[in-house]
Amino acid sequence: MAVIHIVGNLAGFQPAAGKTSLASALLVTANATGKQAAYYKPYSSEPDADPDVAFISKLLQETSGGPVVPAPRPLASLSDEASLAEVQAEVARLESEAGIVVIEMPAVTGHLGGPYASNQKTLLVHRRPQIADAGSIASEINAVKGFAGIVVNAVPIHRRDEVARALSNQSVPVAVIPESRGMLSVTVQQLAEHIGGQWVLDPVNIDASIERFMIGGNIMDAGPTYFGRYANQAVITRVERPDIQMACMSENTKCLVLTGPGDPTEYIKAEALKRNVPLIQVRFNTHDTAEALAGLLDKADARTTAKAKHFSGLLEQYMGVEAVGQLLS
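Treat the numbers as computed from the prediction; the structure is a model and nothing was measured.

(A) Just the pairing of strand β6 (residues 174-178), in detail. Of all five residues making up β6, five are buried, and the element is well covered by its neighbours. Side chains Val174, Val176 and Pro178 project from β6 onto one buried face, and the interleaved Ala175 and Ile177 project onto a second face that is buried too. Taking the sense of rotation as the criterion, the β-α-β connection linking strand β5 (residues 149-155), helix α5 (residues 160-166) and β6 turns out right-handed.

Dropping the structure here:
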């Protein structure tokens, strides 16, 4: 049995360090290996409607191969011995019902919080502003001992090796995870709502992830070569360019954004319907449409099953499959 206790930034620079993403990734990994896992968030400012608890409950239902252990209701305060005793009792109950218990705690400052179980393993999720140097990150982490593993999250990709070297002397598993388009993606539905687009056909695949945007202009390369380079893209192009629209309508293109006045040809509508590619139309030009994307990333939400599985892959890639397995044992 394992009780995994997740805490956030030591200095609290960013509340969104990635605790829920790490918890969801561990739960996905545990379920994939046939282990029954349970989730507990002891404290919440919204104890009756916490979005993390709601998301994890849905995630467990979607990824578990057997009965799901319900997540207990969070407490509104952890300030006294009575609340600590209640948390310990809940953890003991969850241990009796599941092989792995993942506990998500708020950010801490210089202490681990707990312990809530004798076999507790504490993981730190650390996230600093992009201007922070690797030495300062290492100094903060080295200031507190007792972690079973460390995850440094959302590191700019060109600084990942620098941060990894600064933490290479740690005696516990460390994952330095770079920024990932997969974790910053938005859905087709969110894109349509953000730019005020209209569906040309009945919408399909509106939950598909969009990781990048491409402008469908006059290109010298063949369409499949140019548009086939990246996965999970949305292509923005003028409505009167069926040649470009057809060239980019491959499995990599999750939706087309058609700009300007007029209507798409019936041929494009038929092909989009056959390929299940949603068509979104806006009446302003391509440049203004691209400008309208500003602020869209603010709507990206890490609380999706696809992103939980994606983060699980990132954790195994940068911490190692064996190290993750040991944490879950």
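(B) View of the side chain of His5. Relative to the elements of secondary structure, His5 occurs in strand β1 (residues 2-7). Polar contacts involving the side chain of His5 include one to the side chain of Gln120, which spans 3.3 Å.

(C) Representation of the environment of Gly149. Mapping Gly149 onto the fold places it in strand β5. Here Gly149 falls in the buried class, since its relative accessible area comes to 1%. Sequence separation between Gly149 and Val235 is 86 residues; the distance between their C-alpha atoms is 41 Å. Once you skip the residues sitting within four places of it in the chain, Gly149 turns out to touch Thr122, Leu123, Leu124, Val172 and Pro173.

(D) Broad picture of the sheet that holds strand β3 (residues 100-104). Spatially, β2-β3-β1-β4-β5-β6 is the arrangement adopted by the six strands of the open sheet, whose pairing is parallel. Of all the strands in the sheet, just β2 (37-40) and β6 have a single pairing partner and so form its edges. In this sheet, neighbouring strand axes are inclined to one another by 20 degrees on average, regardless of whether the strands run parallel or antiparallel. Pairing of β1 with strand β4 (residues 120-126) involves five bridges; the strand directions are parallel. Each residue of the ladder has a partner; that of Val7, found in β4, is Leu124. Its contacts with the sheet put helix α3 (residues 81-97) on β1, β2 and β3, and the angle it makes with β2 is roughly 165 degrees. Helix α4 (residues 134-142) contacts β4 and β5 of the sheet and is inclined by roughly 155 degrees relative to β4.

(E) Quick peek at the pattern of salt bridges. According to the stated counting rule, one finds 15 salt bridges in the structure shown. For the salt bridge of Glu97 with Arg93, the shortest nitrogen-to-oxygen distance reads 3.1 Å. In this pair, Glu97 and Arg93 both sit in helix α3, four residues apart, roughly one turn of the helix. Among the salt bridges present, the one from Asp243 reaches Arg241, with a minimum N-O distance of 2.7 Å.

(F) Structural view of α4. Of the positions making up α4, those classed as buried are Ala134, Ile137, Ala138, Glu140 and Ile141. The arc enclosing the buried residues of α4, seen along the axis, measures out at 160 degrees, which places them on a common side. Against the buried residues of α4 lie β4, β5 and α5.

(G) Representation of the state of the cysteines within the structure. Inspection of the entire model under this criterion finds zero disulfides. The cysteine Cys248 is free of any disulfide, with Cys255 supplying the nearest cysteine sulfur at 9.7 Å. Taking the relative accessible area as the measure of exposure, Cys248 reaches 0% and is therefore buried.

(H) Seen up close, the environment of Met105. Assignment of secondary structure puts Met105 in the loop between β3 and β4. A C-alpha to C-alpha distance of 41 Å links Met105 and Asn276, two positions 171 residues apart in sequence.

(I) Expanded view of the sheet that holds strand β13 (residues 279-282). Taking strand neighbours across the sheet as the criterion, the five strands line up as β8-β13-β12-β11-β10 in an open arrangement whose pairing is mixed. Sheet topology places β8 (198-199) and β10 (212-215) at the edges, where each strand pairs with a single neighbour.

(J) Structural view of the packing of helix α1 (residues 19-32) against helix α12 (residues 305-319). Two elements in contact, α1 and α12, have axes whose closest approach is 8 Å; the angle formed by their N-to-C orientations is 85 degrees. One element, α1, and the other, α12, form an angle in the roughly perpendicular class. Contact with α1, carried on its side by Ser21, Leu22, Ser24, Ala25, Leu26, Val28 and Thr29, involves Ala308, Lys309, Phe311, Ser312, Leu315 and Glu316 of α12 and no other residues of that element. Split by residue class, the contact of α1 with α12 holds seven nonpolar, four polar and two charged.

(K) Quick look at the pairing of β1. When you tally the buried positions in β1, you get six out of six residues, the bulk of the element. As paired elements, β1 and β3 share five bridges and run parallel to each other. Bridge pairing in β3 places Ile6 opposite Glu104.

(L) Summary view of the packing of aromatic side chains. A full pass over the atoms with the stated rule returns one aromatic pair. On the basis of an interplanar angle of 90 degrees and a centroid distance of 4.9 Å, the ring pair of Tyr226 and Phe227 is categorised as edge-to-face. By the burial criterion, Tyr226 is buried, and Phe227 matches it. Positioned over the ring face of Tyr230 is Arg212, at 3.9 Å from the centre of the ring. Its end group placed over the ring of Tyr226, Arg229 keeps NZ or CZ at 4.5 Å from the ring centre.

Thresholds, definitions, all that
Residues numbered from 1 in each chain as written. Predicted model: local features only at pLDDT ≥ 70, side-chain atom pairs only at ≥ 80, totals over all residues. Heavy atoms only, no water. Buried < 20%, exposed > 50% of the residue type's maximum accessible area, 1.4 Å probe, protein only. Helix = DSSP H or I, 4+ residues; strand = E, 2+ residues; numbered from the N terminus. Right-handed = clockwise from strand over helix to strand, strands pointing away. Polar contact = N/O pair within 3.5 Å; in protein donor to acceptor, adjacent residues only side chain to side chain. Contact = heavy atoms within 4.5 Å. Pairing = 2+ DSSP bridges. Axes fitted to C-alpha atoms, helices over the stretch in contact; angles between N-to-C directions. Salt bridge = Lys/Arg side-chain N within 4 Å of Asp/Glu carboxyl O. Arc of directions from axis to C-beta. Disulfide = S-S within 2.5 Å. Parallel < 35°, antiparallel > 145°, perpendicular 65-115°, else oblique. Nonpolar A, V, L, I, M, F, W, Y, C, P; charged D, E, K, R; others polar. Phe/Tyr/Trp six-rings, centres within 6.5 Å; stacked < 30°, edge-to-face > 60°. Lys NZ or Arg CZ within 6 Å of the ring centre and 35° of its normal.

Note that all results are geometric; they support no functional claim without further evidence.
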